[in-house]
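Listed here are the chains, written in short residue letters.
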Amino acid sequence: MKIPQYARYEYCYTKSCEFLEEFEIKAFPINVLEIVHQQKWGLVSYSEIMHKFHCDRKTVIRILGSSDGYTIWDGTNYSIAYNDDQKLGDRTRFTIMHEIGHIYLGHLLDFEATKLYRGSLTKRENRVLENEANAFARNVLSPVSMYLTLKNKSAINVARTFGITTTAAEARIDFINRDVELVRHLKLSEKIMLVYHRFMKKRKCIMCDAQFFQKYKYCPICGNKNSLQWGDGKMIYPKLETYEDGKLKECPICQNEETNIDGDHCIICGIPLVNICSNEECSHQVLPSNARYCPICGGETTFYRRGILKAWDYDEDNLPPESGFMNIPDTAMYIPDIDEELPFN
Ligand SMILES: [Zn+2]
Ligand SMILES: [Zn+2]
Ligand SMILES: [Zn+2]
Ligand SMILES: [Zn+2]
């Protein structure tokens, strides 16, 4: 593919929306380092390169051909280098998201000219790709829906809220009408509002640090009453894979995979495959597969009762002494030496 003549803003906008959804962005400023880490991309600061090659910052900038950042694709993975010069202020977040933009927009894979070395691009080609990555970074780091709901829209407050420089904040302010226009044109308004809703609805449990996007009376993980507050939790309590109706795709006890059939129990071992509240007086709605407690009445769930789910604070390494494995006598492990019996011997 050839590098386009003009920046593809509609494409960049659609991709930024996709990105916000894929990474379930709900906290601002966005933790870009976590995203890079999650993707297992390489990340190195200019200072680290300077230290490793015993050179100064100017040399790194000259060799990479960029005063902000640079990304390479080595055939299996991406690595991002970014200028961490303190004098640039709070600029690294934008720089890294700009580089993520190059990756997410496919710049390093789609165009023959960018595959090996971007230094071979013409000035114009370079400008097009830079504009695209900037548009992507702006709309991911300071989404239209978040900006519009901000009470104080001064450059300083925009910069502080989204963790960008005041120059980047001013660009956000300048581009807002055009970005809003694009959102409407692309019919992405609803999608982009989801970011705001995720942000507003997020709750964390102050007891078990689980994250939710709903208000609950009881925490479904630790069962505590009124322990959910607005904010970002840190713990992920893994969910078992289910069909849309909440039924497990695989039986956690006997590994039977034939579960997409009538009935709520495993046809092999008989355990319940749908997680519901065990309190009979409660409205038995299907609960998430990681819920230990009913968020409505606080009763235990069927998965928790059956031991399919462990207590939220269950610690495998810290079990009381009696509950470990039984001592299996060595003789049970004795495998008779049958070599001589084998017909081909
Ligand atoms: Zn760039
Ligand atoms: Zn909890
Ligand atoms: Zn089973
Ligand atoms: Zn209940």
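No experiment lies behind these values; they were computed from the predicted model shown.

Glancing now at the confidence of the model for the chain. Per-residue confidence for the chain gives a mean pLDDT of 87, with 90% of residues at or over 70. Contacts from residues 322-345, a stretch scored under 50 in pLDDT, to residues over four places away or in other chains number two contacts.

On inspection of all chains with the given rule, the structure shows 11 aromatic pairs. When the ring of F28 is compared with that of F162, the centres are 5.8 Å apart and the planes differ by 90 degrees; the resulting orientation is edge-to-face. Highlighted residues: F28 in the loop between α1 (9-22) and α2 (32-38) and F162 in helix α9 (residues 155-162), separated in sequence by 134 residues. Relative to Y216, the ring of F212 has its centre 5.5 Å away and its plane inclined at 85 degrees; by these criteria the two rings are edge-to-face. These aromatic residues form a ring-pair network of at least three members: F19, F23, Y104 and F136. Sitting over the ring of Y147, K153 keeps its end group 5.8 Å from the ring centre. When the ring centre of Y9 is taken as origin, the NZ or CZ atom of R178, which lies over that ring, is 4.6 Å away.

The next subject is the coordination of the zinc ion (ligand 3). C251 (SG), C254 (SG), C266 (SG) and C269 (SG) make up the full set of protein donors to the zinc ion (ligand 3), lying at 2.3 Å. If you look at the zinc ion (ligand 3), its four donor atoms make angles of 102 to 120 degrees with each other, and the shape they trace is tetrahedral. For the zinc ion (ligand 3), the donor residues sit on a single chain with the sequence spacing C-x2-C-x11-C-x2-C. Highlighted residues: C251 in the loop between β6 (228-230) and α12 (302-305) and C266 in the loop between β6 and α12, separated in sequence by 15 residues. C266 carries the same exposure label as C251, and that label is buried.

Sheet architecture is open: three strands sit in the order β1-β3-β2, paired in mixed fashion. With one partner strand each, in any of the chains shown, β1 (42-45) and β2 (69-73) form the two edges of the open sheet. For this sheet, the mean inter-axis angle between neighbouring strands, taken without regard to orientation, is 15 degrees. Docked against the sheet, helix α5 (residues 92-104) engages β1, β2 and β3 (78-82), running at close to 150 degrees with respect to β3.

This brings us to the pattern of salt bridges. What the rule picks out here adds up to 11 salt bridges. Among the salt bridges present, the one from E132 reaches R8, with a minimum N-O distance of 2.7 Å. Taken as a pair, E132 in helix α7 (residues 123-141) and R8 in the segment before α1 lie far apart in primary sequence, 124 residues in all. Close ionic contact of R91 with D68 constitutes a salt bridge, the shortest N to O distance being 2.8 Å. Of this pair, R91 sits in the loop between β3 and α5 while D68 sits in the loop between α4 (57-64) and β2, and the two are 23 residues apart along the sequence. Its relative accessible area of 24% is what places D68 among the partly exposed residues.

Looking now at helix α11 (residues 189-201). For α11, which comprises 13 residues, the first-to-last C-alpha distance of 18 Å matches the rise-based estimate of 18 Å (1.5 Å per residue) to within 8%. Where α11 is concerned, the buried positions are I192, V195, R198 and F199. Close packing links the buried residues of α11 with α1, α8 (144-148), α10 (166-185) and β6.

Bringing a negative patch on the surface into the picture now. Taken together, the side chains of D313, D315, E316 and D317 make up a negatively charged region of the molecular surface. Note on D317: relative accessible area 73%, which makes it exposed.

Attention now goes to the sheet that holds strand β4 (residues 203-205). With antiparallel pairing, three strands are arranged side by side in an open sheet as β5-β4-β6. The open sheet has two edge strands with one neighbour each: β5 (211-212) and β6. Here β4 pairs with β6 via three bridges, running antiparallel. Bridge pairing in β6 links K204 to Q229.

What follows deals with the environment of C222. Take C222: it is sitting in the loop between β5 and β6. C222 sits in the buried class, given a relative accessible area of 8%. Linking C222 and A311, residues 89 residues apart in sequence, is a C-alpha distance of 7.5 Å. The residues touching C222, leaving out its near neighbours within four places in the chain, are C205, M207, C208, Y293 and W312.

Conventions we followed
Residues numbered from 1 in each chain as written. Chains lettered and ligands numbered in written order. Predicted model: local features only at pLDDT ≥ 70, side-chain atom pairs only at ≥ 80, totals over all residues. Heavy atoms only, no water. pLDDT = per-residue confidence, 0-100. Contact = heavy atoms within 4.5 Å. Phe/Tyr/Trp six-rings, centres within 6.5 Å; stacked < 30°, edge-to-face > 60°. Helix = DSSP H or I, 4+ residues; strand = E, 2+ residues; numbered from the N terminus. Lys NZ or Arg CZ within 6 Å of the ring centre and 35° of its normal. Donors = N, O, S within 2.8 Å, 3.2 Å for Na, K, Ca; no water. Tetrahedral: all angles 85-135°; square planar, octahedral: opposite > 155°, others 65-115°. Buried < 20%, exposed > 50% of the residue type's maximum accessible area, 1.4 Å probe, protein only. Pairing = 2+ DSSP bridges. Axes fitted to C-alpha atoms, helices over the stretch in contact; angles between N-to-C directions. Salt bridge = Lys/Arg side-chain N within 4 Å of Asp/Glu carboxyl O. Expected span 1.5 Å × (residues − 1). Patch = residues over 30% accessible without salt bridge, like charges linked within 9 Å, V, L, I, M, F, W, Y side chains within 5 Å. Areas by Shrake-Rupley, 256 points an atom, 1.4 Å probe, with all protein chains shown as cover. Lys, Arg positive; Asp, Glu negative; His and termini not counted. Charge placed at Lys NZ, Arg CZ, Asp CG, Glu CD.

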